[in-house]
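Close look at the chain arrangement
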Amino acid sequence: MRIVKDAAARRSEILDAAEKLFGTKGYDATSTGDILRELGIARGTLYYHFKSKEDILDAMIDRLTQALAARAAGVLDRKGIPVLQRLTLMMQSLQVNNALGHEIMSQVHKPQNALMHQKMQERMLTAVVPLVTSLLQEAREQGLCQTRYPEEVTEMTLLYASTVFDELSGLSEEKRQEKVLAFIYNLERLLQMPEGSLMETMIPVFQS
């Protein structure tokens, strides 16, 4: 008997299959035909839910962004952990750490996918800025920083980091360390914290 799945379940199933293939074969090497064969469904079923392979990637970015934001929100709620330690954990929770995540990020950073990169950046900012801002407000209440603009500092920091630190892997170790130290130094200035205050907090983020 033919099993008819509801739209949400079928869409999720297509994304799961695409994630598996993109993570193992790579996005460029995977065709919509590969996805169809993986699932054993008709092409019309795929195109009912997604217009193209790019549309599938876009939906995967949405799902990845939501998952990362949920992890970050979980860190925010761990009130028993000191606020600066939670900031470290939150930044680490926003990093992709599997083959699929790295494949998605490699695609969104390609010039032809500039719009997709912009959309992902906007989604991440919308989801994450309120979380980091809340942590910085806690830090201000505890006298750890003095900035009057925690939300704006968060926006500037995340935008800068998402642009500059994408390219760290192509730098020499000396240049990489220089950029990391400069980033921490200037973040302390933005937050009006004594020099060195964020060293212990931020260095682990760049080592993970």
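Being a predicted model, the structure only gives us computed values, none of them experimental.

Before going further, it helps to examine the UniProt feature "domain: HTH tetR-type" (unreviewed entry) in the protein chain. As recorded in UniProt, the feature "domain: HTH tetR-type" (unreviewed entry) lies at residues 8-68. Within the segment residues 8-68, helix and strand shares are 80% and 0% respectively, and the terminal C-alpha atoms sit 21 Å apart.

Scanning the model with the defined rule gives 12 salt bridges in all. For Asp 16, the salt bridge is made with Arg 63, and the minimal N-O distance between the two is 2.8 Å. Taken together, the residues span a long stretch of sequence, with Asp 16 in helix 1 (residues 7-25) and Arg 63 in helix 4 (residues 53-76) at a distance of 47 residues. Residue Lys 20 pairs with Glu 38 through a salt bridge whose shortest N-O separation is 2.9 Å.

As a further point, take the domain arrangement of the protein chain. Interfaces are frequently sized by the accessible area removed from exposure as the parts join. Parsing the protein chain into structural domains produces domain 1 (1-51) and domain 2 (52-205). Taking the mean C-alpha position of each, domain 1 and domain 2 sit 31 Å from one another. Among the residues domain 1 hides against domain 2, the three largest losses belong to Glu 19, Phe 22 and Tyr 27. Together they make up 42% of the total. On the surface where domain 1 and domain 2 come into contact, there are two salt bridges. Seen at the junction of domain 1 and domain 2, the total is five residue pairs in polar contact (both at pLDDT 80 or more). The element that contributes the greatest number of residues to the side of domain 1 that touches domain 2 is helix 1, accounting for nine residues. In terms of residue class, the side of domain 1 that touches domain 2 is built from eight nonpolar, six polar and five charged.

About the criteria used
In this numbering scheme, every chain counts its residues from 1 along its sequence in written order. Given that this is a predicted model, residues contribute local features only at a pLDDT of at least 70 and side-chain atom pairs are listed and counted only at 80 or more, while totals for whole chains, interfaces and linings are drawn from all residues. In computing side-chain values, all of the structure's heavy atoms are included and hydrogens and water are not. UniProt positions are given in the numbering used here, feature names are shortened, and annotations may be inferred rather than shown by experiment. Strands here are runs of E lasting at least two residues and helices are runs of H or I lasting at least four, both read from the DSSP assignment and numbered beginning at the N terminus. Any Lys or Arg side-chain nitrogen located within 4 Å of an Asp or Glu carboxyl oxygen qualifies as a salt bridge. Source of the domain bounds: an automatic or database domain assignment. Once two parts are joined, some of their accessible surface, as seen by a 1.4 Å probe, is lost; buried area is that loss totalled over both. Any N or O atom pair separated by 3.5 Å or less is treated as a polar contact, with the protein-specific requirement of one donor-capable and one acceptor-capable atom, and with residues adjacent in sequence counted only for side-chain atom pairs. Lys, Arg, Asp and Glu make up the charged group, whereas Ala, Val, Leu, Ile, Met, Phe, Trp, Tyr, Cys and Pro make up the nonpolar group; the residues left over, Gly among them, are polar.

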